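A structural walkthrough
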Amino acid sequence: MYKQKSKLKNRRISARKSAKTIQFNSKSKLFNLVKRLSPSWQACLPIACLIVLGWGYAAVAQSPAAEQTTAELKTELKVALDTLWVAIAAFLVFFMNAGFGMLETGFCRQKNAVNVLAKNLIVFALATVAFWAIGFGFMFGDGNDFIGLNGFFLTGADNSPTTGDAYQGVFSALSWAGVPLAAKFLFQLVFAGTAATIVSGAVAERIKFVDFLIFSILLVGIAYPITGHWIWGAGWLADKGFWDFAGSTVVHSVGGWAALMGAAFLGPRIGKYQDGKVVALPGHNMSIATLGCLILWLGWFGFNPGSTMAADPNAITHIALTTNMAGAVGGIAATATAWWYLGKPDLSMIINGILAGLVAITAPCAYVSIPSAVIIGLIAGVLVVFAVTVFDKLGIDDPVGATSVHLVCGVWGTLAVGLWAVGPGVYSWYGEGAGPVKGLFAGGGLEQLGIQFLGVISVGGMTVLISSIFWLVLKATLGIRVTREEELEGLDIGEHGMEAYSGFLKEASPGGFADGGKFGGYSSGEDLSKTI
């Protein structure tokens, strides 16, 4: 009996020793493993332990009383997804500034490249401050049917993302959007910046830099918000049933009207008209102009689908598809039209044709079918080719075709709502009170087309009036055009004291190079291949 107990005891002692030996060996192996790690990895181990402990504490610290209901969690998730989508769309639209900068620079001559780039870079910074200070309040603040009177400097009551009747604040016009106020402002800001950028191209190569800066502030702070309030700010045009989903009129035609008046008051560039004929002043870099077009095309997938301001998969994909189809067909139509009308498939017309289709579909993108988007883009592509030549013949010198693309096709896209809108009950996001009635070619009457026409002429008239006042005051006080010498030398030197392509031969006259039209003993029109 004793021997049996001794054996059992010895077995237990032996087992304990064996366990301790295994435990010791395991600790030794772990210690050696840690020891073999680099100092950086060794320093991370305590942090990892703290994170794990923190997670564990957070998991057990929440009391049952603080637990959220399923409905509350779903609401919070929807707000988060909507906000993420709106932010991404805003970033895409912001990136369109790069597209505008490259497009306009490529379409202009190399001696003005720095000036064009500087305008496109600074304009969004100015727009940010102007729209934050007064523009957003004028456009979306509670006021009357003509103008908003609250929310300046983004102040005032607001309980976003609460929507509908539960909304309490000074931005009632945006109470339908279930995202925080900051997201609403950011998205609308990038649209306001786009309107000012449109003007830059039309007045390029001869406007004083300071005048453009002042006009941009006035446009974004006053002119753009007033007409925008009529439509998107629950103003009188919205009350009448005018619809512009993403801004063919609110953004593009407003920028186009302002650009038209600026180009008219400035007059044409030196050398544009000789002996009663229109002389082409070709851009210096079509490569970056083409890249700028592609960037703008990409940005439009934020511009139009982002205007849902909600992560609605059906709406986003439909709008993205109508947008893409119109842009693609616009480019094809402009290519064919230029080939027939001008004799060559002009690259600048291809670029402007794509942009024309995108501008035209901006207003009706959520309200029309895919086949209708194709027709809208096709007509826009044809229109832009003829519009460029018509403006040239009228003496309106627009180096990049901004008025043809944004004004003409912005008006066309706005009217297209009254022609092809499908009406309520067709799309899931498009119900009673959420959009226009049926258009003329969709089985409706002339009602919606008449309202759209009223909006076009009202916004156009107001923008022409306000922008003309701005341009005339600037012309009378500061003078809006650079001197003849500065224009011939290039605004890069005259306005900025630097060159975009230092060390390269630079144009100094409308038709040739710095030596008065001679290059290596040959005139600029001769075949330079003979010198090789």
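Read on for an overview of the structure. (Residues numbered from 1 in each chain as written. Predicted model: local features only at pLDDT ≥ 70, side-chain atom pairs only at ≥ 80, totals over all residues. Heavy atoms only, no water.)

**Some details on the pattern of salt bridges**
Across all of its chains, the model carries 6 salt bridges by this definition. With a closest N to O distance of 3.2 Å, Glu-205 and Arg-109 form a salt bridge. Pair noted here: Glu-205 is in the loop between helix H5 (181–202) and helix H6 (209–231) and Arg-109 is in the loop between helix H3 (70–107) and helix H4 (113–140), with a separation of 96 residues, a long-range link. Like Glu-205, the residue Arg-109 is buried in the burial classification. The partner of Asp-397 in a salt bridge is Arg-269, and the shortest N-O contact between them spans 2.8 Å. (Salt bridge = Lys/Arg side-chain N within 4 Å of Asp/Glu carboxyl O. Helix = DSSP H or I, 4+ residues; strand = E, 2+ residues; numbered from the N terminus. Buried < 20%, exposed > 50% of the residue type's maximum accessible area, 1.4 Å probe, protein only.)

**A word on helix H12 (residues 370–393)**
Spanning 24 residues, H12 covers 35 Å between terminal C-alpha atoms, matching the ideal 34 Å at 1.5 Å per step. Directly beyond the C-terminal end of H12, a positive phi value near 85° is found at Gly-395. (Expected span 1.5 Å × (residues − 1).)

**A short note on the nonpolar core**
Soluble, globular proteins show a tendency: their nonpolar side chains are buried together. Core analysis: the largest hydrophobic core is formed by 119 residues, its most contacted members being Phe-131 and Tyr-224. Broken down by element, the residue count for this core peaks at 13 residues, all from H5. Once residues lying within four places of it in the same chain are set aside, the contact partners of Phe-131 are Phe-136, Met-139, Phe-140, Phe-185, Gln-188, Leu-189, Ala-192, Val-220 and Tyr-224. In this structure, Ala-263, Phe-391, Leu-415 and Val-456 belong to the second largest nonpolar core, which totals 8 residues. (Core = buried A, V, L, I, M, F, W, Y, C linked by side-chain atoms within 4.5 Å. Contact = heavy atoms within 4.5 Å.)

**Points about the packing of aromatic side chains**
Overall, the coordinates contain 24 aromatic pairs when judged by the stated rule. An angle of 75° between the planes, with centres 5.8 Å apart, marks the rings of Phe-131 and Phe-136 as edge-to-face. Phe-136 matches Phe-131 in its accessibility class, with the two residues each being buried. With 5.8 Å between their ring centres and 90° between their planes, Phe-245 and Tyr-367 make a pair best called edge-to-face. Placement of Phe-245 in the loop between helix H7 (236–240) and helix H8 (248–266) and of Tyr-367 in the loop between helix H11 (347–361) and H12 is noted, with a sequence separation of 122 residues between them. For the pair shown, Phe-245 and Tyr-367 are each scored as buried. One Lys or Arg, Lys-119, reaches over the ring of Phe-212 and ends 5.2 Å from the middle of that ring. (Phe/Tyr/Trp six-rings, centres within 6.5 Å; stacked < 30°, edge-to-face > 60°. Lys NZ or Arg CZ within 6 Å of the ring centre and 35° of its normal.)

**A short note on the layout of surface pockets**
Volume-wise, the largest pocket comes out at about 830 Å³. If you tally residues by element for the lining of the largest pocket, the top one is H5, at 3 residues. When its volume is computed, the second largest pocket comes out at roughly 650 Å³. Lining the second largest pocket are 29 residues, and of these Lys-272, Ala-280, Ser-348, Val-388 and Asp-392 sit closest to its centre. When contributions to the lining of the second largest pocket are tallied by element, the ones reaching two or more residues are H11, H12 and helix H13 (402–420). Of the residues that constitute the lining of the second largest pocket, the class distribution is 15 nonpolar, 7 polar and 7 charged. (1 Å grid on protein atoms, 1.4 Å probe; cavity = no way out; pocket = protein on both sides within 12 Å on 5 of 7 lines; lining within 4 Å. Points joined across faces, edges and corners; volume = space filled by probe spheres on them. Nonpolar A, V, L, I, M, F, W, Y, C, P; charged D, E, K, R; others polar.)

**As for the environment of Pro-424**
In this fold, Pro-424 is placed in the loop between H13 and helix H14 (447–477). In the structure, Pro-424 is positioned 10 residues away from Ala-434 in sequence and 7.8 Å away in space, judged by C-alpha atoms.

**Looking at the environment of Phe-303**
Along the chain, the position of Phe-303 falls in helix H9 (residues 286–303). Considering only alpha carbons, one finds Phe-303 and Val-190, 113 residues apart in sequence, at a separation of 9.1 Å.

**Topic: the side chain of Lys-272**
Considering the arrangement of structural elements, one finds Lys-272 in the loop between H8 and strand E1 (273–274). Assessed through its relative accessible area of 7%, Lys-272 is described here as buried. Leave out the neighbours within four places in its chain, and Lys-272 touches Lys-277, Val-278, Val-279, Leu-281, Asp-392 and Asp-397.

**With respect to the packing of H4 against H6**
In contact at an axis separation of 8 Å, H4 and H6 are set at 35° when each is read in the N-to-C sense. Judged by the twist between their axes, the crossing of H4 over H6 is right-handed. (Axes fitted to C-alpha atoms, helices over the stretch in contact; angles between N-to-C directions. Left-handed = near helix turned anticlockwise from the far one by under 90°.)

**Description of empty space enclosed by the protein**
One simple way to see leftover space: roll a probe sized like a water molecule over the atoms. Counted under the stated rule, the structure contains 2 cavities of 30 Å³ or more. As for the largest cavity, its lining consists of Phe-100, Leu-103, Glu-104, Thr-197, Ile-198, Asn-352, Leu-355, Val-400, Gly-401, Ala-402, Val-405 and His-406. Broken down by secondary-structure element, the contributors of at least two residues to the lining of the largest cavity are H3, H5, H11 and H13.

**Quick word on the environment of Gly-135**
Among the secondary structure elements, Gly-135 is positioned in helix H4. Residues Gly-135 and Gly-221, 86 residues apart in the sequence, show an inter-C-alpha distance of 4.3 Å. Excluding its chain neighbours within four sequence positions, the residues that come into contact with Gly-135 are Ala-130, Val-220, Gly-221 and Pro-225.

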